[in-house]
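Listed below, chain by chain, are the residues.
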Amino acid sequence: MLFVRILREYERGVVFRLGRLLNAKGPGVAFLIPIVDRIVKVDLRTITLQIPPQEVITKDNVPARVNAVAYFRIVDPKAAIVQVEDYMVATSQIAQTTLRSVLGQHSLDELLSEREKINTILQEIIDEQTAPWGIKVSVVEVKDVEIPQGMQRAMARQAEAERERRAKVINAEGEFQASERLKDAAKVIEEHPVALQLRYLQTLLELGSSQSTTIVFPAPIDLIKPFLDRVPESRPSNPSIAPEHRQAA
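Thresholds applied
- Residues numbered from 1 in each chain as written.
- Predicted model: local features only at pLDDT ≥ 70, side-chain atom pairs only at ≥ 80, totals over all residues.
- Heavy atoms only, no water.
- Salt bridge = Lys/Arg side-chain N within 4 Å of Asp/Glu carboxyl O.
- Helix = DSSP H or I, 4+ residues; strand = E, 2+ residues; numbered from the N terminus.
- Buried < 20%, exposed > 50% of the residue type's maximum accessible area, 1.4 Å probe, protein only.
- Pairing = 2+ DSSP bridges.
- Core = buried A, V, L, I, M, F, W, Y, C linked by side-chain atoms within 4.5 Å.
- Contact = heavy atoms within 4.5 Å.
- Axes fitted to C-alpha atoms, helices over the stretch in contact; angles between N-to-C directions.
- Expected span 1.5 Å × (residues − 1).
- Arc of directions from axis to C-beta.
- Phe/Tyr/Trp six-rings, centres within 6.5 Å; stacked < 30°, edge-to-face > 60°.
- Lys NZ or Arg CZ within 6 Å of the ring centre and 35° of its normal.

J.: Teacher, can you tell me more about the pattern of salt bridges here?
T.: Close approach of charged atoms lets side chains of opposite charge pair. Scanning the entire structure with this criterion turns up 10 salt bridges. One salt bridge in this structure joins Arg17 and Asp37, with 2.7 Å as the shortest N-O distance. Taken together, the residues span a long stretch of sequence, with Arg17 in strand E2 (residues 11–17) and Asp37 in strand E5 (residues 37–43) at a distance of 20 residues. You can call Asp37 buried: its relative accessible area is 12%.

This is the structure:
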């Protein structure tokens, strides 16, 4: 008499006969001898392992609370059953200790900005340690990094100061470029004085477009000097002397 077990496509059956390991069976129908054979089912699908939050101290002595997730699957069912008592618990413990160890070797800035690099390091280390158990770790992702409120406020002030610094640098750079252009404009006006008069008239036109205010704009003497030069010389101060008398005199 034989027992019949049905194994799905993603399942394998590790069979022990009188305590001795046989080849893994499945998928499909597996025939077992009663009392003599014992079968342990193993799921070959990718397993999602939630790594509990870990309290870590970064390289620059900043406390942080980090949680992560790991994705792995069993590639050798016999090793997963024979080489380790409970592969789920063992993989979880390896992931937790590796997470604390790796993050302790990086600063907070690296932890926040180089997440992909840290994920790759975690995946390689955990995969190497679980390989003898017939487990392949495909992905490890750091989900969330929690830091103290005081550190968050300090980082916010640092970011604000950095933005102000950039704004001042950009403003100074704009002033420098504007001064360079004004210098070039001054050279053009020096070579062509009429350009200053045209600029003056353009400024008056721009000011006259607004009727909400009254603007007193002084007229430079250089603008009216050409007209003063054309005025004829003034006559004698005694207008009562006739022209003929002036000629006689």
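Once the structure has been displayed, the description carries forward.
J.: What's the story with the sheet that holds strand E3 (residues 20–21) in this structure? I'm lost.
T.: Adjacent strands of a sheet pair through backbone hydrogen bonds, lying either parallel or antiparallel. In spatial order, the strands read E3-E2-E5; together these three strands make up an open sheet with antiparallel pairing. Strand pairing shows two members of the sheet lacking a second neighbour, E3 and E5, which therefore form its edges. Across seven bridges, the pairing between E2 and E5 is antiparallel. Along E5, the bridge assignment pairs Glu11 with Asp43.

J.: What should I look at first to understand the nonpolar core in this one?
T.: Across soluble globular proteins, nonpolar side chains have a tendency to be buried as a group. Residues Val66, Tyr87 and Leu99 are the most contacted members of the largest nonpolar core, which totals 36 residues. Listing elements by their share of this core, those giving two or more residues are E2, E5, strand E6 (47–57), strand E7 (63–74), helix H2 (87–103), helix H3 (108–113), helix H4 (115–130) and strand E8 (135–146). Here this core gets seven residues from one element, more than from any other, and that element is H2. Residues contacting Leu99, with those up to four places away along its chain left out, are Ile51, Gln54, Val66, Ala68, Leu122 and Val142. Ranked by size, the runner-up nonpolar core spans five residues in total, among them Leu7, Ala30, Leu32 and Ile39.

J.: Mind showing me how you'd approach the sheet that holds E8 here?
T.: Strand order in the open sheet formed by three strands is E6-E7-E8, and the pairing between neighbours is antiparallel. Of all strands in the sheet, those bounded by a partner on one side alone are E6 and E8. Direction aside, neighbouring strands of the sheet carry axes that sit 25° apart on average. Note: E6 against E7, nine bridges, orientation antiparallel. Across the sheet, residue Gln54 finds its bridge partner in E7, namely Val66. Across the sheet, H2 is in contact with E6, E7 and E8; its angle to E6 comes to roughly 35°.

J.: Help me understand H4 in this model?
T.: Think of an α-helix as 3.6 residues a turn; residues three or four steps apart then line up on the same face. Given a rise of 1.5 Å per residue, 16 residues ought to cover 22 Å, and the 22 Å separating the end C-alpha atoms of H4 matches this to within 8%. If you check which residues of H4 are buried, you get Ile118, Asn119, Leu122, Gln123, Ile126, Asp127 and Thr130. Axial view of H4: buried residues confined to an arc of 155°, hence all on one face.

J.: Even after reading the chapter, I still don't get unusual backbone geometry, so can you show me in this structure?
T.: Excluding glycine, a negative phi dihedral is what most residues carry, and trans is how most peptide bonds are arranged. Here Gly26 and Pro27 are connected by a cis peptide whose omega angle stands at -5°. Residue placement: Pro27 occurs in the loop between E3 and strand E4 (28–32). In this structure, Leu18 is a non-glycine residue whose phi angle is positive, near 55°. Its place among the elements puts Leu18 in the loop between E2 and E3.

J.: Which parts of the structure should I look at to understand the packing of aromatic side chains?
T.: Geometry of an aromatic ring pair is reported as the spacing of the ring centres plus the angle between the planes. Enumeration over the complete set of coordinates arrives at zero aromatic pairs. A cation over an aromatic ring shows up here: Arg45 above the ring of Tyr10, its NZ or CZ 3.8 Å from the ring centre.

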